Amino acid sequence: MTTDKPQIPAKSTKSKQWERLAVGLVLAGLVISLVLASVSNGVYQDDDACHYLFARQSWHDAGAMLHWWARPGHNIPTMFAARLGGMFGCRVLSALMTAATALLAWSIARRLLGDTPAAAMAPLLVWIQPLAMTLSTTTLTETPAALYLVLGTWLLLRGNPLWACAVWSLLFVTRLETLALAPLFMGGVAWMAWQRRGRSIASALKNRRLWACAAVLLWAPAVYALAAAMVDVPADGDPLRLFTREYDTQYGTGPLYHYPAIWPLAAGFGVLVLAVVGAFRLGRRAWLVSAATFGLLALHAVLFRFGLFATGGYERFMVPASGLLAVLAAAGLQALFRARGRVPAAGAALLMGGWLLLSGLTARAHVPLPVEMVLLTAAPFVVFGVVVAARGRSIRGAGRVMAAAALAVAALQAGAQVRPLRLSSSPMHNLISRAVREVEASDYAGRDMLTQHVIAHFLSQHSVEAYSIPDSIEKWRAAGQGTLFLWESKYCDKSWEPEESELLRRELDRLGRPIFHESSGRHEVVVYVRAAHRPEGSTTTPDRGMNHIARHGR
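Residues numbered from 1 in each chain as written. Predicted model: local features only at pLDDT ≥ 70, side-chain atom pairs only at ≥ 80, totals over all residues. Heavy atoms only, no water.

## Description of the overall build of the protein
When helices and strands are tallied, the protein shows 24 helices and five strands. With 554 residues in all, the protein has 55% of them scored as buried. Contacts in the protein between residues at least 24 apart in sequence constitute 76% of all its contacts with a sequence separation of at least 6. On the protein, roughly 24300 Å² of surface is accessible, and the fraction owed to carbon and sulfur atoms is 60%. (Helix = DSSP H or I, 4+ residues; strand = E, 2+ residues; numbered from the N terminus. Buried < 20%, exposed > 50% of the residue type's maximum accessible area, 1.4 Å probe, protein only. Contact = heavy atoms within 4.5 Å. Areas by Shrake-Rupley, 256 points an atom, 1.4 Å probe, with all protein chains shown as cover.)

Okay, here's the thing in structure tokens:
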């Protein structure tokens, strides 16, 4: 990847116009993100609430601050936001990080494409990615990871490899699996050294800065491991546990094409098509941008295929590539808009149709629209691509049609997917929210409530964490009379631990009585209150019709 600047003339009126457009798009996206944050009371996934609780606890607990699951590259800056502004403060921090990612994407695109309207569209191509916008209102790790990835790339392009490596190192302690991409980043630095040393390998290897960059690239994981060893990090929070724990597939596995099929749900079909075209358009000039983007895709595809790293196979894991993806998409937009031949337009059309078909047929459960609508949407693009490719001569304006179509599809998909985060949007979160409200409005308010579900901790100040089913059983048996237990069907009824799950339910019935029970489809929540000790074998069957706090017989 070259660091040579394109020939950009002194700023003209149009150049300033594109600059104002880019900055305006950054600010417009930021405003929309902050509006979404202000009307959100829920979380994207359970992990979102868990990261917030880690950040809130980290202010007075070094063990929580350095817990490997908390990801210190995300947790340390977020704990200040949690301290100052609570959950809304964390949402604002994420919005600002996404805005910075959009701004840097524009700067990289301008460096690669020149001061052009396509480069100025890069911020839009970040914000229009459905999950980039959605996660800008969360406390999830993918948002700062996207910033670190694009910031490191920007620094390298500016000729600052040491600082680039220092920033990329933060990526490794934010999304831990990205450590596998370290050789790729080091390859980018080595490529720069090779170019600057007359393209001589021997001369490049003698460059002290190259070896300094190799050391700096690993500074964050090294400091993290040392810091964790010096404080009282729980055994399950030790970062070195990553290299000793057994990998499992409790979250499932899938084929290698799982991630290509669901990536459009994170980035949008239109943005991805533009990005593929842009990767071909830029070629070797931006090989590191393309390699980091599609390397992340390959990494997660392999991890999920073989059940490594206990990965959940979520589409949000591709959000760290959002900034670099926008750079490639801007290049694709320019290539299609300027192209007069049939190949770019036909390729984009066929790619759009093929990707829609792949997602519709292999990721049906993930597609936000009915599969029939996806297939109908794909058909015109496929037909258009075949017609254009079959013609013996160029079709004037075909590229512009495809560029406009890709942007339109991206905008429509973003509009369909992006929503404020509401507790009512998740059946389980909604049930837990109602249970907590009922408890707090009753005579049981203020009592300790054992629970495994993070949303209960997120909503209640009186929750007490039970780490697992065995831990739940032990704490329930030792609990005093009047202690509450919030049982839910996600973590307390695990299909891979059927005997333990059944034992927990029996112990809850034997030592307590239900005061709240409600279900929605396959989701169920029951709140128990600890009664006086009962003889072994004595049980109380929950009243399955009860859906409110018992007001009598306390």
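## A short note on the packing of helix α2 (residues 46-58) against helix α4 (residues 72-113)
Closest axis-to-axis distance for the α2/α4 pair is 7 Å, and the angle between their directions is 100 degrees. Of the possible angle classes, the one that applies to α2 and α4 is roughly perpendicular. For the pair formed by α2 and α4, the contact residues are Asp48, His51, Tyr52, Phe54, Ala55, Arg56 and Ser58 on the first element and His74, Asn75, Thr78, Met79, Ala82, Gly86, Met87 and Cys90 on the second. Residues that form the contact of α2 with α4 fall into these classes: seven nonpolar, six polar and two charged. (Axes fitted to C-alpha atoms, helices over the stretch in contact; angles between N-to-C directions. Parallel < 35°, antiparallel > 145°, perpendicular 65-115°, else oblique. Nonpolar A, V, L, I, M, F, W, Y, C, P; charged D, E, K, R; others polar.)

## A short note on the nonpolar core
Formed by 149 residues in total, the largest nonpolar core has its most connected members in Trp168, Phe185, Trp263 and Leu486. Considering each element in turn, this core owes the most residues, 16 residues, to α4. Ignoring any residue separated from it by four or fewer positions in sequence, one finds Leu486 in contact with Ile432, Ala435, Val436, Met449, Leu450, Thr451, Ala456, Cys492, Val525, Val526 and Val527. Ranked by size, the runner-up nonpolar core spans twelve residues in total, among them Ile473, Phe485, Leu504 and Leu508. (Core = buried A, V, L, I, M, F, W, Y, C linked by side-chain atoms within 4.5 Å.)

## A look at helix α16 (residues 287-305)
Helix length check: α16, at 19 residues, gives a terminal C-alpha distance of 26 Å against a target of 27 Å (1.5 Å per residue), a fit within 8%. In the segment just after α16, Gly307 is the residue with positive phi, at about 65 degrees. (Expected span 1.5 Å × (residues − 1).)

## Details of the confidence of the model for the protein
On average, residues of the protein score 85 in pLDDT, and 82% of them reach the 70 mark or higher. Averaged over each element, pLDDT in the protein is lowest for helix α19 (residues 371-390) (58) and highest for helix α6 (residues 122-127) (98). Low pLDDT (under 50) marks residues 535-554, which in the prediction has 46 contacts with non-local residues, meaning those over four places away or in another chain. (pLDDT = per-residue confidence, 0-100.)

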